Amino acid sequence: MISTLETQAKRPPFSAEKMEEVQGIIKQFPEGRHKSALLRILHIAEEEFGGWLSPETMDYVAGILNIKPIEVYEVATFYTMFNLEPTGKFVFEVCRTGPCMLVGSDDIIEYIKTKLGISKVGETSADGMFTLKTAECLGACGYGPMLQCGKQYHEHLTPEKVDALMDEYRAKYTSTNSQN
Amino acid sequence: MGRKLLLEHVDVPGIETYDVYRNHGGYKSVEKALKTMSPQEVVEEVQKSALKGRGGAGFPTGMKWSFLAKPEGVPRYLVCNADESEPGTFKDRYLMEKLPHLMVEGMITSSYALGANTSYIYIRGEYMFVLEILEKAIAEAYAKGWLGKNILGSGYDLDLYVAPGGGAYICGEETALLESLEGKRGNPRMKPPFPAIKGLYGCPTVVNNVESLCTVVPIINIGADEYLKIGTEKSSGTKLISACGNLVRPGVYEIEMGITVEEFIYGDEWCRGIANGKKIKALIPGGSSVPILPAHLITKTAAGETRYMSYESLSDGGFASGSMLGSGGFIVFDEDQCIVRNTWNFARFYSHESCGQCSPCREGTAWMEKVLHRLETGKGNMRDIDLLADINKKIEGNTICPLGDAAAWPVAAAIRHFREEFEWHVTHPEEAVKRNYGLLKTPEITL
């Protein structure tokens, strides 16, 4: 998460260190099957280059794997985790599927909307800090309501817990930025 | 206390690290298999154990292994399906998060049996934090000589990698998973050819669920004969159940097959009953795709016999009055829950997750979502209920993969058992909306 913050404005190419990681991933697959590394590289690219996949980023990834840009676009648009537009600094993805709904996810979604002053899921708070999204089942059915932010799961949500989370992320952002 | 084969040491502090895991009997199945058994003997042991695939379909794991083609000079692959996405199911995450070395051990022993020298764990992208846990365990296993070249001096080589998805339920279907692992969109392939003949990169491949592969470890350790003594005649061994919904104590539990459903829901050792002192209204015992059971068919079958936690007892009565053990995603509804709302919610899920390849599924799931949303928000009419049944019939059996069926079954079952509630939504639209959303606050329509 922190790395996303530090690199908000970063654009391709990868740093030497990241490139080494990417090359390591490509080597996990047999000769000629390097396209298998695509999804993982897209996750890394998203994290590195501002939290979303711009056409520039996707073309860059295509170049690394020596595949056609369309092969990257068709994958990036198929899988729901990839953001194809800029988002807030943090994306809250609240699970909305059955088991979470049974324990109050709709109320949590409504609460976050009010808190952020937005009218629809998918919108970003005016300060650009949080984007609210909904997600289908995230595999935390016994611990709902829940949301995912970056790689982190936050479970057993209540309005109070949501308040605390927002404060926590805001503080994280402030401290990271003041260090720079 | 029932017998625990997978979660026996789950509460031991540090069990996710190599040393603690090893000190608690870890990697013994690899030693036993590589030092004392031929690959074929491992396959036969798993076949004998009658282990049924734990991902949901319940296809015998050993039989799946026996179908694997073995042409000369062609690599074979074992791919673990860790794409757990079936609503209500969170057991595989629990296993991998808490016991990553059990997953690694299961992969090694199973890969040896199948003669795979490169194996992959395909994990859903949202579980990136679990991927990191697994990679740490894999690195430890390499360092200790359980992975890599010439494992235990046996001459057997194995490389093991974890690959993430990108958020797509369909990638839990094995051929969609393979497409995804090849870096493509998760569109299921036509079968045949089955993956056992043409799978990853066109090579013979076995795809197994996380829990199935982890269960290979105790089967090899204690032997199939001992394993068969656990559980029931038709459902051997133990099963992880991920219990959720309106329960006092939701969570992941390992049960011996054959305990009663009543014991599992109300017993102290398990879920401890319905939350907030309410009564049970319905149960989905095996993940969102299996038929819902109304209160009177939960602890007893239609014939009045006790209902047990086993493949055969949960499916007793067929789709008319039974359901399925499925993935073990056990979703409990209390008396205040609305079946129409829940059915709509799941229909929305399937519509969202349809890959779009087959028109009956792509269009049908979207139509079901629309019609159910209409009913749910008090704008439906009586004909809509039959319309749903009609759409259902047009999806079922007409698609490349089972997602279409998985979307159709829960709607059909909900109407079968709760038709009156659907009708009530038509005759009492305002009350229905008020009950579910307070003052006409309706959820967003997101198609």
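The preceding data block contains the structure.
Residues numbered from 1 in each chain as written. Chains lettered and ligands numbered in written order. Predicted model: local features only at pLDDT ≥ 70, side-chain atom pairs only at ≥ 80, totals over all residues.

Trainee: Explain the overall build of chain B here, please?
Mentor: Within chain B, the regular secondary structure consists of 18 helices and nine strands. The dimensions of chain B, computed from C-alpha atoms along their principal axes, are 75 × 45 × 35 Å. Taking all 447 residues of chain B together, the buried fraction comes to 56%. Long-range contacts, defined as pairs at least 24 residues apart, comprise 71% of the intrachain contacts of chain B with a sequence gap of at least 6. (Helix = DSSP H or I, 4+ residues; strand = E, 2+ residues; numbered from the N terminus. Buried ≥ 20, exposed ≤ 12 C-beta atoms within 10 Å, placed from the backbone. Contact = placed C-beta atoms within 7 Å.)

Trainee: What's the story with helix H7 (residues 105–116) of chain A in this structure? I'm lost.
Mentor: Since the α-helix turns once every 3.6 residues, residues separated by three or four places project in the same direction. All names here are of chain A. Look at H7: 16 Å from first C-alpha to last across twelve residues, which is about the 16 Å you get at 1.5 Å a residue. Buried residues of H7: Ser105, Asp106, Ile108, Ile109, Ile112 and Leu116, and no others. For H7, the buried positions fall inside an angular range of 165° around the axis, keeping them on one side. Looking one or two residues past H7, Gly117 carries a phi angle of roughly 65°, positive in sign. (Expected span 1.5 Å × (residues − 1). Arc of directions from axis to C-beta.)

Trainee: Just checking my understanding: could you explain the sheet that holds strand S1 (residues 77–82) of chain B for this structure?
Mentor: Two orientations exist for strands paired in a sheet by backbone hydrogen bonds: parallel and antiparallel. Residues and elements named next belong to chain B. Reading across the sheet, the four strands line up as S3-S2-S1-S4 and stay open at both edges, with parallel pairing between neighbours. Only two strands of the sheet have a single neighbouring strand rather than two, namely strand S3 (159–164) and strand S4 (205–209). Taking each pair of neighbouring strands and ignoring which way they run, the sheet shows an average axis angle of 20°. In this structure, S1 lies alongside S4, joined through five bridges in parallel fashion. Following the sheet pairing, Val79 is matched in S4 by Val207. Strands S1, strand S2 (118–123), S3 and S4 of the sheet are contacted by helix H6 (residues 100–114), whose axis makes an angle of about 145° with S1. Where helix H7 (residues 128–143) meets the sheet, it contacts S2 and S3, and its direction lies at approximately 170° from that of S3. (Pairing = 2+ DSSP bridges. Axes fitted to C-alpha atoms, helices over the stretch in contact; angles between N-to-C directions.)

Trainee: Looking at this model, I keep getting lost on the interface of chain B and chain A. Mind explaining?
Mentor: The partner chain A presents 35 residues to the 49 residues of chain B that form the contact. Mapped onto the side of chain B that touches chain A, the elements with two or more residues apiece are H7, S3, helix H8 (174–181), strand S5 (238–245), strand S9 (329–334) and helix H14 (339–353) of chain B. Examining the composition of the side of chain B that touches chain A, we find that six residues originate from one element, H14 of chain B, more than from any other. Residue composition of the side of chain B that touches chain A, by class: 20 nonpolar, 21 polar and eight charged. (Nonpolar A, V, L, I, M, F, W, Y, C, P; charged D, E, K, R; others polar.)

Trainee: Can you help me understand the pairing of strand S1 (residues 90–95) of chain A in this one?
Mentor: Strand residues, when the strand is regular, have side chains that alternate between the two faces of the sheet. Residue and element names in this part refer to chain A. The buried count for S1 comes to six of six residues, which makes it a mostly enclosed element. Here S1 shows a buried face lined by Phe90, Phe92 and Val94 and a second buried face lined by Val91, Glu93 and Cys95. Judged from the six bridges that link them, S1 and strand S2 (residues 130–135) form a sheet pairing that is parallel. Bridge assignment links Val91 to a residue of S2, and that residue is Thr131. Bridge analysis of S1 against strand S3 (residues 147–149) gives two bridges, and the strand direction is antiparallel. Looking at S3, one finds that Glu93 is bridged to Gln148.

In short, shape yes, function no, at least from these values alone.
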